[in-house]
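# Coordinates in review
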Amino acid sequence: MLVAIASLWGSGCNKSDDSPQRATPLDFPKPAGWPDTRYDFASNPLTKEGFELGRKLFFDGRLSKDGNFPCASCHQPFAAFATFEHDFSHGFNNQFTTRNAPALFNLAWHTEMHHDGGIANLDLQPLAPLTAPNEMAETIPSVLEKLNADPQYQKDFARAFGSPEISTSTLTKALSQFMLMLVSADSKYDRVKNGSDLFNVNEEAGYAIFQQKCSSCHTEPLFTNLAYEKNGLPVNPDLNDLGRMRITGSSQDSLRFKVPSLRNVLKTFPYMHDGRFWNLSDVYTHYNGNGISLSPVERSFLTEFLRTLTDSTFLSDQKFSGGE
Amino acid sequence: MVIGTSCQKELSSDSAATAYISIRFHPKINGTPFRLNETYTNSFGESYSATIFKFYFGQIALSGNPQHSQAVNGDPYYLVDLADPSSLEINTTIKPGTYNAISVLLGVDSARNVSGVQSGALDPAKGMFWTWNTGYIYTKLEGTSPSSTQVNGKFEYHIGGFRWPYSAIRNFTVTLTDTDTWQLQEGKTLELDISVDMDAFFNYSYPVRISEEPVCMTPGELAYQISGNFAGAFQLTQFDIN
């Protein structure tokens, strides 16, 4: 009896430190030589339990209205967490999305999400697809109710965040922990950079062309400058998507879209914010007509270089797959 | 007893002297209480009926002479929902002092708009949050009107935005005249009655005709203009110290 009381006092005064099932800290695998991350890890310290819970949520259809659309339905691991071979993705009630699902990796370096940068924090990101009527079509209270009714989830949240009660905040923090761990930095390009591999002659030639003609926007090592650029794409009148202007209201931002990373680019076709280009050849043709000349020979070298950005380790990493 | 105090370190000596502040909002139209699902007419002769009326406020602060101001403890935000009468009155604590002005932020400060998922009144689950264009809906007025061109005569005003030049964050500030002060001693409560004139929502600094602008669903110029109207709707009608 006395022992029990003593332990109660201890936990009352020191909740976070004395919790019997304290979560296991997880190190963020920051690649050597990369810029500083931008996510506020102090507000959401990575833990093994938080990451695993985030993964479970990412692959759980219950986050959608009819159970059919987990995050992973549009963000597929084998497509670098884009939607494989789709310009638009499928959502609730046979609806399409209106933009191409972006690939998800190296998100700790991003401060704004979506093609138009409308979402100002990774933690806020899941709320958009979750509540979009043509995507997961849910409401936040309804999802929280479903999850809170599941005793296993309550245990999972208690292990990860110290309380079984599932809130908007802990739901999104768990998802962030999973998404933050999606680091893609083990392509052939990376191995060449760290001295453990060599480009062949064609890849080397492609890399030189890339540095000369592409890297001002697709800046290494992230292969994006994370800025909003206008690349000459005419507006699709069916969508009338003006990009960044939708967020800022400024005509200066009309038709500007966030530069996507070229990492895993061979796996993330079709291309552009609306998936209008099915393959790299279409993309080269577009740029060739918009101020970046690319001869047929340059195009083939460039493709050989871009293939070195495919991170097979990342694409097949079992710790990022649903497994259920 | 000893154990008790060691567990409550946060309650430091700051809390020794406490006064209280009580704010009661009174949504009104033509001097009578404004209610949901009743028919009213705005100053353009358009009849309408509201089904939802909610707004955020926070950062309550009192200031006085010599220049110093005190924010209420914890700097919280509140969500007023006309459908929930208890939300029209808030009670909180503040340091005792001599004050002659109050300021209240109408909306949510820009930092809280972008710094991750908030809890309490600011939980995005409250439905006062734009998920696709990060930021809070500060004020929501929805209903129907025969003047609306929308399906079923709907009108929806979702007012928010924190980005320049269309920040819809507003302040409501009242300064007492001349030498008047609020002598707020320890244990006393400053009671404030604030009316919210719903006519001003449609017509204060910017005329909003339901027939012409029945919908505002994004941050931008219209939301900015309506936020100016809304700030003009607030008036301190009575105060007392008890």
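So, how was this worked out
Residues numbered from 1 in each chain as written. Chains lettered and ligands numbered in written order. Predicted model: local features only at pLDDT ≥ 70, side-chain atom pairs only at ≥ 80, totals over all residues. Heavy atoms only, no water. pLDDT = per-residue confidence, 0-100. Contact = heavy atoms within 4.5 Å. Salt bridge = Lys/Arg side-chain N within 4 Å of Asp/Glu carboxyl O. Polar contact = N/O pair within 3.5 Å; in protein donor to acceptor, adjacent residues only side chain to side chain. Helix = DSSP H or I, 4+ residues; strand = E, 2+ residues; numbered from the N terminus. Nonpolar A, V, L, I, M, F, W, Y, C, P; charged D, E, K, R; others polar. Buried < 20%, exposed > 50% of the residue type's maximum accessible area, 1.4 Å probe, protein only. Core = buried A, V, L, I, M, F, W, Y, C linked by side-chain atoms within 4.5 Å.

The subject of this paragraph is the confidence of the model for chain B. For chain B, mean pLDDT is 90; residues scoring 70 or higher make up 92% of the total. Within the model, the stretch residues 1-13 of chain B combines pLDDT values under 50 with three contacts to residues more than four positions away or in other chains.

By a widely used convention, the size of an interface equals the accessible area lost when the partners come together. Chain A puts 20 residues into the contact, and the matching count from chain B is 17 residues. For the interface between chain A and chain B, the tally reads zero salt bridges. At the junction of chain A with chain B, the criterion picks out five residue pairs in polar contact (both at pLDDT 80 or more). Mapped by element, the contributors of at least two residues to the side of chain A that touches chain B are α1 (2-13), α5 (127-131), α6 (140-148), α8 (168-180) and α11 (245-248) of chain A. Split by residue class, the side of chain A that touches chain B holds eleven nonpolar, seven polar and two charged.

We now examine the pattern of salt bridges. Residues and elements named next belong to chain A. Taken as a whole, this structure holds 23 salt bridges over all chains when the rule is applied. Ionic pairing is found between Asp274 and Arg276, a salt bridge with its closest N-O pair at 2.8 Å. Residue class for Arg276 comes out partly exposed when judged on its relative accessible area of 29%. A single salt-bridge network, built from bridges that share partners, covers Arg99, Asp116, Asp241 and Arg246.

Turning our eyes to something else, we now look at unusual backbone geometry. In the segment running from Glu220 of chain A into Pro221 of chain A, the intervening peptide bond is cis, with an omega of 0°. Of the consecutive residues Trp164 of chain B and Pro165 of chain B, the connecting peptide bond is found in the cis state with omega at 0°. Inspection of the secondary structure puts Pro165 of chain B in the loop between β12 (154-160) and β13 (170-175). Positive phi is not limited to glycine here, since Phe223 of chain A has a value of about 65°. Note on placement: Phe223 of chain A falls in the loop between α10 (201-213) and β3 (228-229).

On to the nonpolar core. The biggest cluster of nonpolar side chains holds 118 residues, and the ones touching the most others in it are Leu57 of chain A together with Phe25, Phe57, Ile60, Ile102, Tyr157 and Phe234 of chain B. At eight residues, strand β4 (residues 47-64) of chain B tops the list of elements feeding residues into this core.

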